[in-house]
Each structure stands twice: as C-alpha cells, then as structure tokens.
Amino acid sequence: MNVEVRNKQTAAEQAASEQFDAVAAMLPGTEAVAAVRKQAIARFAASGLPHRRVEEWKYTDLRAALRELPPPATASDAPIGADTLGELDAWRIVIVDGGEPRLPKELADQGVVVSRLSETLAAGTLEGEWPEGTGSAIFDLNTAFVSTGVGIRVPENVHIDKPIQIACVTTVPTAASIYLRNRVDVGAGGSLTVVETFEGPDGIGYLVNSATRLSADRDAALTWVKVQHDGDAAMHFSTVAADVGQGSKLTMAPFTTGAALSRNQFAIAFIGEHAEVNLAGVQLLGDRQHGDTTLFVDHALPDGESRELFKSVLDEQARGVFQGKILVRQDAQKTDGRMMMQALMLSDQAEVDSKPELEIYADDVQCGHGSTSGRIDEDLLFYLRARGIPELTAKALLIEAFVGEVVEEIGHAAVGEALSSLAHDWVMQHARQEPVS
C-alpha cells in the first residue's frame, strides 16, 4: 500500500526543478526529446522523492537521506588512473564526469555497432517510460537530465568473446550529479559480455544516476556485470530493465562495494518462451553504508526459468536491503522460478531487511523463495583453526567462499577472477577487525 502524502518540497526537490530550468536549453536533443524531458521533470515535481510510506521504498527513505541535490557535473577531459578491474582484458569505453564516451575504434572491426547517446537524442529518441518495475522519481530525474551514455548492438549470430567494459569514472573536485543511460542489444543467436564499472573519489558527496536497458533476442546469450565501487560519500542510483527473448539466456551480476547510499532497481520481462535468467548479486558493505536491491521478475510466457541469488556481507553499522518479487502470469505455465537472499553479519550492529515475494496466477509451476541471515559458522571456523589456519585467515576464507558461490554464476573466468580480487581486498580489510559488540 502506498500512502500519498505530499508535504512541502524539500531542498533537493526544489533544486531539481531549478537546475532543470537552468540547463534545459543546453541539454542535447530535438524538440521531441525536450518534451519528454519536461514531462519527466513534471512527474518528479508531482511525486517528489520517495519516502518510507511508499511501499517499494519503505527501507530506503530517500526523501530524508537526499537532503541536497548536487548540480549536474561539467564534462571533463581529466586523465584517469588504474582501472577498478585491474588488468581485465576488455574493450574499454570510458565516460568521465558525464562527458562524451571515449570509444575504442577497434570495436567496429569486431562487428559490434556502438553509438553515443547524444546521437540518439539528436535523432529525436528518448524513452520517458520503461516497463513495469522501473518507474520512480529517480528514473524521471534520469530522463530529465541525461546527456551521455552508449548504445551497443551485436548483430545476429555474432559472438564477441572479449568483454566490453563501460567505465563511468568520476573525478569531480566538489559534489556534482552524473546522469547516464546505456543500451545493450544482442541479436538472435549472438553473444556478448558487458561490464559496467563505477568509481570515484572518497570524501566527495557526488551522485550517480544511471539507467541501462538490456535485450537478448531469440537464442541469444547476454552477460551483464555491474561493479559499483564509488567513493565513500557518494550516492548511487541505478535502474535496469531487461527483455529476454525466446530461447535466450540472460545472466546479470551486480557487485556492490561503494557509495554511502546505493539502490539498484531491476525489472526483467520474459517476452519469449523457453527463456532463462540467472541473476546473482553481491553486496559488501561496512561503516554506515546502506545498499538496497529491489527486483521485479515478470514471467509472462510458458517454460521460463529464473534464478535469483543475492548475498550480502555486512560489517560495522552497515544496512543491506533486498526486495524481490517474482510474478507468474496466468499464461506462464511450467515456469521454474527460485529466489534466495542470504546475509552474513560480521557485526552485531549491522542490519538486513529482506522481503522476497511470489505472486502466482498459473497452476503448473515450480517456484520458491527464501531468506537467511547469520554470523560466521563457529563449527566451520573451529574446523579450519584445528588444522593450523590462523583465525583471521580462516574468517577470510569463509567469507570469500560465501561470496564465491555468486561469482561462479557469472560464467566468465576473467571477469570472475577480477571480482574475486575485489572481494578479497574487501574481506582482508574487514576480517582483521574484531566483531563490533
């Protein structure tokens, strides 16, 4: 149940309208695009920021948390340092401070069609509304302000073995907002792995608002990985919509370690029969970090299979949120859908909120969901220590094994190795600390 109570606008809500009025004339796009932007900012002004009385946001009161909305960032040509994923061998598209994407020329030789969002806007195209499960004030802000991003299209029966990385790098010296939108389409029988990465400086309260649209056509295979490693004072909001065609396979793997507050909102629609979705996510949070994953899986056609496995490791006063819903419509007979959320608590002060849901209107299905949380298994810890393994090393091994089950689901060795390295660094930092009591 959503209770609509509109109080006086907050400073952040007022700033959104003022910022839009100031930059609207400079945003790229045709008059048709400008009209879509105006509709989006009008929706935002009418609804305001979501708050705890909105059911989908009950655990993440954005109206209270987002006190100020930083102004849109100024594009930068600043040099960038080492990559979040280390030495991962990938075609790298770089977006710095919301500027125009830097595209590798070699991609065209691989048969991949890559375009900048500015080109799409200049052609008069900007989607103001996405499928069920994506609508929110955050998405409306993205629509109103977005000016950068990339489109990637793999033609039919083209297989790209080397991953494509979309690196969103923030270098701003003061708080700013970065809006970007990406689209990835894999044609019938094609295959592709895409890795989106986000990184930025600590100590600066910048904001990232990203939206990604994924599509896997008939018998295609698409793997999408997201690594959110933003600075410790940042806010990160993401909207992801995916369409899964007949006989196709979609793997999605969000991996979160950064930002003071983050929310990933996913909506997955089965638009063909015999499709398969595997969604495996990890959150590694410490200090006072707040990470929210909200998921909607729409089984509309028969013989679909979905697996959702999310794991959170929470230390100190971190808070993890998981809201997942599987909808099985009446025509979606023989659906096989399973959802599991597991949290490992390294501190007595950490908190997890979990709300998995099933809504089923078909009678020939296999569906289930579950949620667990707890501390490190003392019996397993004793077993390792009894074999001469030091306590901190034993703890690290158990935490990495807990996370490793999700990383293995990605199915790409090089990407999995890069994520395992990130997880190892986080674990070694937090396993050294005694539990907070």
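Up top you'll find the structure we're talking about.
Bear in mind that the values here come from a model prediction, so they are computed numbers and not experimental data.

## Regarding the sheet that holds strand β6 (residues 191-199)
Then step 1. Across the sheet, which stays open at both edges, the nine strands sit in the order β1-β4-β6-β8-β10-β12-β14-β16-β18 with parallel pairing between neighbours. Strands at the two margins of the open sheet, each flanked by one partner only, are β1 (91-96) and β18 (366-374). Each neighbouring strand pair of the sheet contributes to a mean axis angle of 10 degrees, computed without reference to strand direction.
Then step 2. Relative to strand β14 (residues 305-314), strand β12 (residues 276-285) is paired through 10 bridges, and the arrangement is parallel. Residue pairing across strands places Leu285 opposite Leu314, the latter belonging to β14.
Then step 3. Against the sheet, helix α8 (residues 413-431) touches β6, β8 (221-229), β10 (249-256), β12 and β14, its axis set at about 25 degrees to β8.

## Remarks on the packing of aromatic side chains
Then step 1. One pass over the structure, following the stated rule, counts five aromatic pairs.
Then step 2. The interplanar angle of 20 degrees and the centroid separation of 5.1 Å between the aromatic rings of Phe145 and Tyr179 together place this pair among those described as stacked. Within this pair, whereas Phe145 is found in helix α5 (residues 137-145), its partner Tyr179 is found in strand β5 (residues 177-186), the two being separated by 34 residues in sequence. Note on accessibility: Phe145 and Tyr179 belong to one class, buried.
Then step 3. Three or more aromatic residues link up through ring pairs in this structure, and these residues are Phe20, Phe145 and Tyr179.
Then step 4. Note that Arg213 overlies the ring of Trp130, its terminal NZ or CZ placed 5.6 Å from the centroid.
Then step 5. Here the guanidinium or amino end of Lys226 rests over the ring plane of Phe198, the centre of that ring lying 5.4 Å away.

Conventions used here
Residues numbered from 1 in each chain as written. Predicted model: local features only at pLDDT ≥ 70, side-chain atom pairs only at ≥ 80, totals over all residues. Heavy atoms only, no water. Pairing = 2+ DSSP bridges. Helix = DSSP H or I, 4+ residues; strand = E, 2+ residues; numbered from the N terminus. Axes fitted to C-alpha atoms, helices over the stretch in contact; angles between N-to-C directions. Contact = heavy atoms within 4.5 Å. Phe/Tyr/Trp six-rings, centres within 6.5 Å; stacked < 30°, edge-to-face > 60°. Buried < 20%, exposed > 50% of the residue type's maximum accessible area, 1.4 Å probe, protein only. Lys NZ or Arg CZ within 6 Å of the ring centre and 35° of its normal.

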